[in-house]
Amino acid sequence: MARGTFDAPGTSRTSGTSRTAAGAPAGRRRLRLLSLGTKFAVAFAAVTATITVLVGLLSYNAAARLLRVDQQVVFDEVVEDLRGAVRANRMAPVDFSSAAPGHDLVRPARTDVQVLGPDGRIVDPGDPGLPVVAADRAVAGAAVAGRVAVHADVDVGDDVYRVATVALGEGRGAVQVAQEFSDIEDLLRTLQQRTLVLMMAVVIAAGLSGWWLARRITRRLVVLTAAAEDVARTRRLGIQVPVAGHDEVGRLGRAFDRMLGRLAQSEDDQRRLVQDAGHELRTPLTSLRTNISLLRRIDELAPDAREELVADLTQEARELTDLVNELVELAAGQSDTEPPCRVDLAVIAQGVAELARRRGGREITVHASGDTTTDGRPGMLTRAVSNLVENAVKFDRDGTAPIDITVAGPARPGTVRVEVRDRGPGIAADDLTHVFDRFFRAADARSLPGSGLGLSIVREVALAHGGAPYAVRRPGGGTVIGFTVGGGPLPRPDAGEPGR
């Protein structure tokens, strides 16, 4: 089909559009803010930000919990070791003095130790010195070794400690063990800040990546949208859709291109049908006007002329009715509203033959062989077979030989062949290629009733079912006209007699 061009996305088409201070049309600016690319970038950044925040928070909480629990476990183990030592051995404050040999065994790393006398006075201060409260002095004077007083969140200068005071027993004093708590919190605070910075960096990177990816993905959609808008504005169906690729967007572009092609073809078919119908209607309408004008002088006509005039009017009205009905059938045959199902063409042929026998009394035989079932629309297929039979009866009106309907399948996987054979005058060799054209009527058949649309409906039905029509001269006189359905068109069969 003819191809045209369309304006590139973003090209201004009107000079009177309201513009923002930056010079861009306000409506287009709003459209860009609501575009698929913008939404995709924002959604990508939002999802990434949510996942990053959740992962960051969970990681931070897990790390903080592990560090705090680890420090608490270490502190509890130090306190329990100290309690075990003072219970197992009778110790005095001097045993824990920083000047005493082996004091490093009693003073664990990363802990602060301070020794209290029996009255709770500081005998050997810690570094830094730890506060002593009434509970600590009470423990220093305790008679039972291993009694403990624990203090959490004790402020010592600018730092925060955990402090445990362990009694030496028999009123000999106590030992205070402290663990700095604020250094862990400082570490966690630093970790928190770095996690926030990392999350911000990831979110920004995700936003930029999403924007780049969205533009890359939607670029072809923008082109496709521009093409659709151009079709809606100009009503030109023959435009080029420049979308490539094998992904969903590429498939959408090719499907859109095929759709435009079929719409253009359908528009051409409708225009041609209207032109052909107007041409065919002109002749009977002209004859009707002529005969109607004679009705003004009907009293002046002889009785035989009156009867001939009425007969002509009746015949012309019948021909117009048949022509309109054929046009309606042709338009309905092109629609796909009838749902397809599994049909047996032999059964359809039997029904058509029985109806034709009742209407005309003509002998019609049906010969079926092989699997004659296929997927199709029953109404359309029935109409196609009926048109073949009506055509055979019309051209073999005075014949005495039966009209044969042959249904055979499958000559090719998934195909069924239907044909009607008559012993009429036959069709000239030059007309065989035109019998399925709309409104075509052979020279020797123009005196017979009909519109020339019956076989064109057969062609439309056959093409709609993946087949093709055919017409051949029959040896010994007559014609073989038929069609195939399913699996694409079959080679034209020979003109021999059907198998019995």
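Each chain carries its own residue numbering, running from 1 in the written order of its sequence. The predicted nature of this model means local features are confined to residues of pLDDT at least 70 and side-chain atom pairs, given and counted, to a pLDDT of 80 or more, with totals for whole chains, interfaces and linings taken over all residues. Water and hydrogen atoms play no part in the side-chain values, which are based on all heavy atoms of the structure.

A look at the sheet that holds strand β1 (residues 112-116)
Logical step 1: Across the sheet, which stays open at both edges, the five strands sit in the order β2-β1-β5-β4-β3 with antiparallel pairing between neighbours. The sheet terminates laterally at β2 (122-124) and β3 (148-156), the two strands that pair on one side only. Shown here is a sheet whose adjacent strand axes are inclined to one another by a mean of 30°, direction ignored.
Logical step 2: What makes two strands pair is DSSP finding at least two bridges between them. Counting from the N terminus, the helices are the DSSP runs of H or I reaching at least four residues and the strands are the DSSP runs of E reaching at least two. Bridge count for β3 against strand β4 (residues 159-167) is seven bridges, and the pairing is antiparallel. Looking at the pairing, V156 lines up with D159 of β4. As a rule, the C-alpha atoms of each element are fitted with a line to give its axis, helices using only the stretch in contact, and angles between N-to-C directions run from 0 to 180 degrees.

As for the sheet that holds strand β11 (residues 469-473)
Logical step 1: With mixed pairing, the five strands of this open sheet are ordered in space as β7-β9-β10-β12-β11. Each of the sheet's edge strands pairs with one partner strand only, and the pair in question is β7 (364-370) and β11. If you compare each strand with its neighbour and ignore which way they point, the axes differ by 15° on average.
Logical step 2: Two elements, strand β9 (residues 403-409) and strand β10 (residues 416-422), share five bridges in a ladder whose sense is antiparallel. Note on β10: the bridge partner recorded for A408 is R417.
Logical step 3: In the packing of helix α9 (residues 378-395) onto the sheet, contacts are made with β7, β9, β10 and β12 (479-485), and the angle to β12 comes to roughly 175°.
Logical step 4: Here helix α10 (residues 454-464) sits on the sheet in contact with β11 and β12, set at roughly 25° to β12. Throughout, a residue-residue contact means that at least one pair of heavy atoms, one from each residue, lies within 4.5 Å.

Overview of the pattern of salt bridges
Logical step 1: What makes a salt bridge here is a side-chain nitrogen of Lys or Arg within 4 Å of a carboxyl oxygen of Asp or Glu, nothing more. Across all of its chains, the model carries eleven salt bridges by this definition.
Logical step 2: For the salt bridge of R90 with E170, the shortest nitrogen-to-oxygen distance reads 3.1 Å. Remark: E170 occurs in the loop between β4 and β5 (174-180) and R90 occurs in the loop between α2 (36-88) and α3 (103-106); sequence separation between them is 80 residues. Side by side, R90 and E170 carry an identical accessibility label, which is exposed.
Logical step 3: In this structure, the salt-bridge partner of D230 is R233, at a minimum N-O distance of 2.4 Å. Placement of both D230 and R233 in helix α5 (residues 182-234) is noted, with a separation of three residues, approximately one turn of the helix.
Logical step 4: Only protein chains enter the accessibility calculation, which uses a 1.4 Å probe; a residue whose area is less than 20% of its type maximum is buried, one above 50% is exposed, and one in between is partly exposed. Relative accessible area serves as the criterion here: at 42%, R233 is assigned to the partly exposed category.
Logical step 5: A network of salt bridges, in which partner residues are shared, links R90, E170 and R172.

What about the packing of α9 against α10?
Logical step 1: α10 packs onto α9 with a crossing angle of 145° between their chain directions and a minimal axis gap of 9 Å. Crossing hand, α9 versus α10: left-handed. Residues M380, L381, R383, A384, N387, L388 and N391 of α9 lie in contact with α10, whose contacting residues are G454, L455, I457, V458, V461 and A464.
Logical step 2: Residue type decides the class: Asp, Glu, Lys and Arg count as charged, Ala, Val, Leu, Ile, Met, Phe, Trp, Tyr, Cys and Pro as nonpolar, and the leftover types, Gly among them, as polar. Looking at the contact of α9 with α10, its residues break down into nine nonpolar, three polar and one charged. Take the far helix as your reference; a near helix turned counterclockwise from it by less than a right angle gives a left-handed crossing, and one turned clockwise gives a right-handed crossing.

Some points on a negative patch on the surface
Logical step 1: Like charges are joined within 9 Å and nonpolar side chains (Val, Leu, Ile, Met, Phe, Trp, Tyr) within 5 Å, but only among residues with over 30% relative accessible area and no salt bridge; these make up the patches. Under the convention used here, a 1.4 Å probe and the Shrake-Rupley method define accessible areas, while residue burial counts only the protein chains that appear. None of His or the chain ends enter the tally, which takes Lys and Arg as positive and Asp and Glu as negative. We put the charge of a Lys on NZ, of an Arg on CZ, of an Asp on CG and of a Glu on CD. On the surface, D70, D76, E77 and D81 cluster together into a negatively charged patch.
Logical step 2: For D70, the location among the structural elements is in helix α2.

Details of the environment of S369
Logical step 1: As for its placement among the helices and strands, S369 is situated in strand β7.
Logical step 2: S369 sits 37 residues away from T406 along the chain, and the two C-alpha atoms are 8.3 Å apart.
Logical step 3: In contact with S369, other than residues within four places in its own chain, are V407, A408 and G409.

Thoughts on the confidence of the model for the protein chain
Logical step 1: The predictor's confidence in any single residue is recorded as pLDDT, a number from 0 to 100. When pLDDT is averaged along the protein chain, the result is 76; 78% of the residues meet or exceed 70.
Logical step 2: Confidence, expressed as mean pLDDT per element, reaches its minimum in the protein chain at α3 with 47 and its maximum at β7 with 91.
Logical step 3: When the criterion is pLDDT under 50, residues 1-24 qualifies, and its contacts beyond four places in sequence or with other chains add up to 45 contacts.
Logical step 4: Across residues 488-500, where pLDDT falls below 50, the model places 34 contacts with residues more than four positions away in sequence or in other chains.

Brief notes about the pairing of β12
Logical step 1: The element β12 is largely enclosed, with a buried count of seven among its seven residues.
Logical step 2: Alternating residues of β12 divide into T479, I481, F483 and V485 and V480, G482 and T484, and every residue in both groups is buried.
Logical step 3: Two elements, β10 and β12, share seven bridges in a ladder whose sense is antiparallel. Bridge pairing in β12 places V418 opposite F483.
Logical step 4: The antiparallel hairpin formed by β11 and β12 contains five residues in its connecting segment, where G476 sits at a positive phi of about 90°.

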